[in-house]
Amino acid sequence: MGIVVCFMDISEFCEAERATRAARDAALETSRAKSEFIANVSHELRTPLQSILGFSELGQMRARQDARLGEMFSDIHRAGQRMLSLVNDLLDLSKIEQSHEPLHPERLDLRPLALEVVNELRPLIEARRLHLAVRLGGEQLVVLADPPRLQQVLRNVLANAIKFSPEGGEILLRGRLDPEGSVRVEVADRGPGIPAAELESIFEAFVQSSATKDGSGGTGLGLAICRRIMQGHDGRIWASNRDGGGSTFHLSLPGARFGDTSPASL
Amino acid sequence: MKRVLIVEDQADIRKLIRMTLEFEAYEIHEAADGSEGLRMAYAVRPDLLLLDVMMPGELDGLQVCQTLKADPEMAHVKIVLLTARGQVRDRQAGNLAGADEYLVKPFSPLQLIDTIGRLTVDA
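Notes on the structure follow. (Residues numbered from 1 in each chain as written. Chains lettered and ligands numbered in written order. Predicted model: local features only at pLDDT ≥ 70, side-chain atom pairs only at ≥ 80, totals over all residues. Heavy atoms only, no water.)

Let us look at the overall build of chain B. Counting secondary structure elements, chain B contains five helices and five strands. The globule rule puts the C-alpha radius of gyration for 123 residues at 14 Å, and the 13 Å found for chain B is close to it. With respect to the three principal axes, the spread of C-alpha positions in chain B is 35 × 30 × 25 Å. A fraction of 59% describes how many contacts in chain B between residues 6 or more apart in sequence connect residues 24 or more apart. If you sum the accessible surface of chain B, you get close to 5,600 Å²; carbon and sulfur atoms cover 51% of it. In chain B, 14 positive and 20 negative side-chain charges are present, and the distance between their average locations comes to 2 Å. (Helix = DSSP H or I, 4+ residues; strand = E, 2+ residues; numbered from the N terminus. Rg over C-alpha atoms; globule rule 2.2 N^0.38 Å. Contact = heavy atoms within 4.5 Å. Areas by Shrake-Rupley, 256 points an atom, 1.4 Å probe, with all protein chains shown as cover. Lys, Arg positive; Asp, Glu negative; His and termini not counted. Charge placed at Lys NZ, Arg CZ, Asp CG, Glu CD.)

Bringing the overall build of chain A into the picture now. For chain A, the count of helices and strands is five helices and seven strands. Along its sequence from the N terminus, chain A presents helices and strands in the succession α-α-β-α-β-β-α-β-β-α-β-β. Scaling as 2.2 N^0.38, a compact globule of 266 residues should have a C-alpha radius of gyration of about 18 Å, whereas chain A reaches 25 Å, well beyond that. Once the C-alpha set of chain A is aligned to its principal axes, its extents read approximately 105 × 50 × 35 Å. Burial analysis of chain A (266 residues in total) assigns 42% to the buried set. Contacts in chain A between residues at least 24 apart in sequence constitute 71% of all its contacts with a sequence separation of at least 6. In the form shown here, chain A has an accessible surface area of approximately 15,200 Å², with 55% of it arising from carbon and sulfur atoms. Averaged over its 31 positive side-chain charges, chain A has a centre that lies 5 Å from the centre of its 36 negative ones. (Buried < 20%, exposed > 50% of the residue type's maximum accessible area, 1.4 Å probe, protein only.)

Let's shift gears to unusual backbone geometry. Following Lys105(B), the chain continues to Pro106(B) via a peptide bond in cis, the omega torsion being 0°. Positive phi, close to 60°, is recorded for Asp234(A), a residue that is not glycine. Within the fold, Asp234(A) resides in the loop between helix 5 (222-232) and strand 6 (236-241). The phi torsion at Arg45(B) lies on the positive side, around 55°, for a residue other than glycine. Tracing the sequence through the fold places Arg45(B) in the loop between helix 2 (34-44) and strand 3 (48-52).

To continue, consider the interface of chain A and chain B. At the junction of the two partners, chain A supplies 19 residues and chain B supplies 20 residues. Taken together, the two surfaces of chain A and chain B that pack against each other cover about 1,800 Å², and 61% of this comes from carbon and sulfur. Broken down residue by residue, the surface that chain A buries against chain B is led by His43(A), Gln50(A) and Arg62(A), which jointly contribute 32%. Ionic pairing is found between Glu22(B) and Arg62(A), a salt bridge with its closest N-O pair at 2.6 Å. Between the two partners, chain A and chain B, sit seven residue pairs in polar contact (both at pLDDT 80 or more). Mapped by element, the contributors of at least two residues to the side of chain A that touches chain B are helix 1 (11-62) and helix 2 (67-97) of chain A. Its residues assigned to classes, the side of chain A that touches chain B comprises seven nonpolar, seven polar and five charged. (Buried area = accessible area lost by both parts, 1.4 Å probe. Salt bridge = Lys/Arg side-chain N within 4 Å of Asp/Glu carboxyl O. Polar contact = N/O pair within 3.5 Å; in protein donor to acceptor, adjacent residues only side chain to side chain. Nonpolar A, V, L, I, M, F, W, Y, C, P; charged D, E, K, R; others polar.)

Another aspect to go through is the nonpolar core. One broad trend across soluble globular proteins is that nonpolar side chains are buried collectively. Counting residues in each nonpolar core, the largest one holds 42 residues, and the members touching the most others are Leu150(A) and Leu158(A). Setting aside its immediate chain neighbours within four residues, Leu150(A) contacts Leu108(A), Leu110(A), Leu113(A), Val143(A), Ala145(A) and Leu253(A). In this structure, Ala31(B), Met40(B), Leu68(B) and Tyr102(B) belong to the second largest nonpolar core, which totals 22 residues. (Core = buried A, V, L, I, M, F, W, Y, C linked by side-chain atoms within 4.5 Å.)

Let us now look at helix 2 of chain A. Helix length check: helix 2 of chain A, at 31 residues, gives a terminal C-alpha distance of 45 Å against a target of 45 Å (1.5 Å per residue), a fit within 8%. Within the sequence span of helix 2 of chain A, burial applies to Gly70(A), His77(A), Gly80(A), Leu84(A), Val87(A), Leu91(A), Asp92(A), Leu93(A), Ser94(A), Lys95(A) and Ile96(A). (Expected span 1.5 Å × (residues − 1).)

Once that is clear, we can look at the packing of helix 2 of chain B against helix 3 (residues 61-70) of chain B. Residue and element names in this part refer to chain B. At their nearest, the axes of helix 2 and helix 3 sit 9 Å apart, and the two run at 25° to each other. In this view, helix 2 runs roughly parallel relative to helix 3, as classed from their interaxial angle. The element helix 2 and its partner helix 3 pack so that their crossing is right-handed. The segment helix 2 lies against helix 3, with Gly-34, Leu-38, Ala-41 and Tyr-42 engaging Val-64, Thr-67 and Leu-68. (Axes fitted to C-alpha atoms, helices over the stretch in contact; angles between N-to-C directions. Parallel < 35°, antiparallel > 145°, perpendicular 65-115°, else oblique. Left-handed = near helix turned anticlockwise from the far one by under 90°.)

Residue and element names in this part refer to chain A. The interhelical angle for the contact between helix 4 (residues 147-164) and helix 5, taken along N-to-C directions, is 145°, at an axis separation of 10 Å. Crossing of helix 4 against helix 5: the hand is left-handed. Contact with helix 4, carried on its side by Arg-149, Gln-152, Val-153, Asn-156 and Asn-160, involves Gly-222, Leu-223, Ile-225, Cys-226, Ile-229 and Met-230 of helix 5 and no other residues of that element. Here the residues of the contact of helix 4 with helix 5 sort into six nonpolar, four polar and one charged.

Before going further, it helps to spend a moment on the packing of aromatic side chains. A complete count under the given rule lists one aromatic pair over all chains for this structure. Positioned over the ring face of Phe203(A) is Arg227(A), at 4.3 Å from the centre of the ring. (Phe/Tyr/Trp six-rings, centres within 6.5 Å; stacked < 30°, edge-to-face > 60°. Lys NZ or Arg CZ within 6 Å of the ring centre and 35° of its normal.)

Here it is in structure tokens:
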């Protein structure tokens, strides 16, 4: 019996591994720096907004004797709040786009999540005397999703339907499993609908439907954020118009099953 | 009268807080950075500190908070952190430093009055 000794030069492998590690460290560092930058931008924008919103609120409280002055303070306060929503939405969008906050998908039934959002929005629905029909079916609608992000999309779409419905109008929230195994959610309203040429562009940042642009109070970023979130879930969001008026927003997510052995990559 | 110390580098925000509280019964003191804030905390012995987190200089708000909460003589002082960074990570840092409350800028003056009232009532 003999002994075979094998020598091999592995310095090249070591070098490759070092290079890989260095590249990964650099990528992490870049992502950290961007994240820090966004946090700083947020800080810089919020500090002046503190003065704008704070002093205008004080002004409103103290200008009770003078209606005209009070109105001016209210206008400043409203504009400041709008700017704050814009700052928040922009930060949110950039966080999603640069994947600073990766999605944390969980296997979950979409129905209880949707009902939570409905309950949250109930006061707005009642204030406008709307009728919301919820049809989520008796079967679990299992998807792999990041719960707060999925709720953000549902909230956004439902809040739009509430905002644009005529007073006393009907909204339909439907959830189902389609024959291809995808989970589908539809939110349908009887609002003004969306001009056909704009059905796609409303998902771009800062584009709002010309039918509802005036007085919508939105930032024009909500649907862009929704689309990024849905893409991050390998899902889709799109809009269509309804026969008889109004629009429908559709969400589609790959269906999952409790106990799936192969976790989908997200 | 309860004493409130404002530690905040932005003069207009110090003014906003002072004006917010001017009809309430508080004795108000101001400091413009962390080191001055710490020094004044010992000199003034406030019941409550409104403490900005991000300030230029040697000590940021978190460090001031930690130092005071670690001193048995000062640990009872209520501390409200004021910050423009409201992410989960930032809140955790505030909790770790021992803050009693965390207000994210822009906060509403009414919200500030409520928070201070709540924290000083049992102090």
